[in-house]
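Residue-level structure breakdown
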Amino acid sequence: MLVLDVYDINKIVQKIGIRDFFTRLIAVLESDFKNWDNFDKMPRIATHFPYGVLELMPTSDKEYYGYKYVTGHPRNPKFNKTTVMATGQLSTIETGEPVMISEMTILTALRTAATSAMAGKYLARKDSHVLCLIGTGAQSEFQALAFDTVFDIEEIRYFDIDKNAMDKFEKNISKYDFKLTRCESAKDAVKGADIVTTITADKKNQTILTKDMIEKGVFINGVGGDCPGKTEMSAELVANTSVFIEYYPQTKIEGEIQQMSDDFKTTELHEVLKGLKPGRKDSDEITLFDSVGFAIEDFSVLKLAYELAKEYQIGRDLELIPVMDDPKNLFKSLT
C-alpha cells in the first residue's frame, strides 16, 4: 500500500507548483460534482467533546472507496498543535484492497480552498478582483491562492482578532503579487470586496457578518461554520442571499442554514455544475456558498494525490496487508 506523509505531499505540490495543483484539483472536483449521483453519500459521523470534534467522512464511487478521519480542536494552537488534523485512505471497490493512506491536514486545506474557488466560478461575478478574508489562520493563504487561480485577484483585504495571525499571513503571502490591505475590523475589511470569505475557528455561534455590511453583487464564501451551534452570519443576512450548499442533510445540521426554517430554499452546488439550476443570476445578486466540507471533496483530493504520487514516484510502499502464497493460510504470517 502506498503511504504519503507530510513531506511527500510537499514534494507533490512543489513538483507541479501550488497554482497548477489548484487548477488540477478544481478540475477533479468539478468532474466529481458533475458525477454526484454516482457517489454513496451520508453526513459525516461526528463525535463531539468539550475540547472539539472527531469525525469520519466516507464516500465511494464505482471505482474507489475513500474516507477521512479529521479533528477540529480550536484551542490546539495553545499547545503548538494545529486546529485541524487529518488522515485519509483510498481503497479499490473491486477487491476492497487499501491502495493508499495519506496525511490529510494539508490536503484538507488544499481541497477546502479549491472547493471555495470552484464555487466562486459559478457564484461570483466574473470581474471579481478584491478578496476579503475574515480570519487569517491556517486556511487563509490557501484561500487566497485558490481564488487567484480562478480570478484575477488584485487586492486582499483581511482582518483577524489575532494580530499575530495577520502578521503570519502577510509574511507568507507577501511574495505573491497582491495588494495587501490590513483592516481594523470585519466591517472595514468587507468594504469594496467582491468576494468575502469567512474562515474563523471558534466552535460557537458568532455574528461576524450582518446584512448591512454586505454590498450588492458580493459572493460570500462561508467556510468557518462547520458544526452544530457554530455560525458566522446573522440569520437576516442568510435570508437575504441566494444560498448554495454541498449536501443538505449535512449542511442543515452544521451550516449557516441551521438558523433557518426547514422550508428555507437552498440549491446544492452539484445541481449548478450539471446545469440543472442557475448559479449567479445577475451582477447585483448576493450569493452565499454555505460550505461545511463534504466527503466527496476529500475523495477528489485523495484521488488526485494518488495519481500524482504514482506519476512522480513519490511516497513509499508499506506492507500493511499480509501477502501470502495461500490467501487462506493467514496463520502462516505469524510463523
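The rules we used
- Residues numbered from 1 in each chain as written.
- Predicted model: local features only at pLDDT ≥ 70, side-chain atom pairs only at ≥ 80, totals over all residues.
- Heavy atoms only, no water.
- Helix = DSSP H or I, 4+ residues; strand = E, 2+ residues; numbered from the N terminus.
- Rg over C-alpha atoms; globule rule 2.2 N^0.38 Å.
- Buried < 20%, exposed > 50% of the residue type's maximum accessible area, 1.4 Å probe, protein only.
- Contact = heavy atoms within 4.5 Å.
- Areas by Shrake-Rupley, 256 points an atom, 1.4 Å probe, with all protein chains shown as cover.
- Lys, Arg positive; Asp, Glu negative; His and termini not counted.
- Charge placed at Lys NZ, Arg CZ, Asp CG, Glu CD.
- Axes fitted to C-alpha atoms, helices over the stretch in contact; angles between N-to-C directions.
- Parallel < 35°, antiparallel > 145°, perpendicular 65-115°, else oblique.
- Nonpolar A, V, L, I, M, F, W, Y, C, P; charged D, E, K, R; others polar.

1. Side note on the overall build of the chain
The number of helices and strands found in the chain is 10 helices and 17 strands. Its C-alpha atoms give the chain a radius of gyration of 20 Å, near enough to 20 Å, the size a compact globule of 335 residues would have. Seen through its principal axes, the chain has C-alpha atoms that stretch 70 × 45 × 40 Å. Counting over 335 residues, the chain shows a buried share of 54%. At a minimum sequence separation of 6, the contacts of the chain that also span at least 24 residues come to 71%. Per element, the accessible surface of the chain, about 15700 Å² overall, is 51% carbon and sulfur. Here the chain carries 41 positive and 52 negative side-chain charges, and the mean point of each set is 2 Å from the other.

2. Observations concerning the packing of helix H1 (residues 6-16) against helix H2 (residues 18-34)
Packing of H1 against H2 leaves a shortest axis separation of 6 Å and a crossing angle of 95°. As far as their axial angle goes, H2 and H1 are roughly perpendicular. Taking contact as the criterion, the partners of Ile12, Val13 and Ile16 in H1 are, on H2, Ile18, Asp20, Phe21 and Arg24. Of the residues contributing to the contact of H1 with H2, the split by class is five nonpolar, no polar and two charged.

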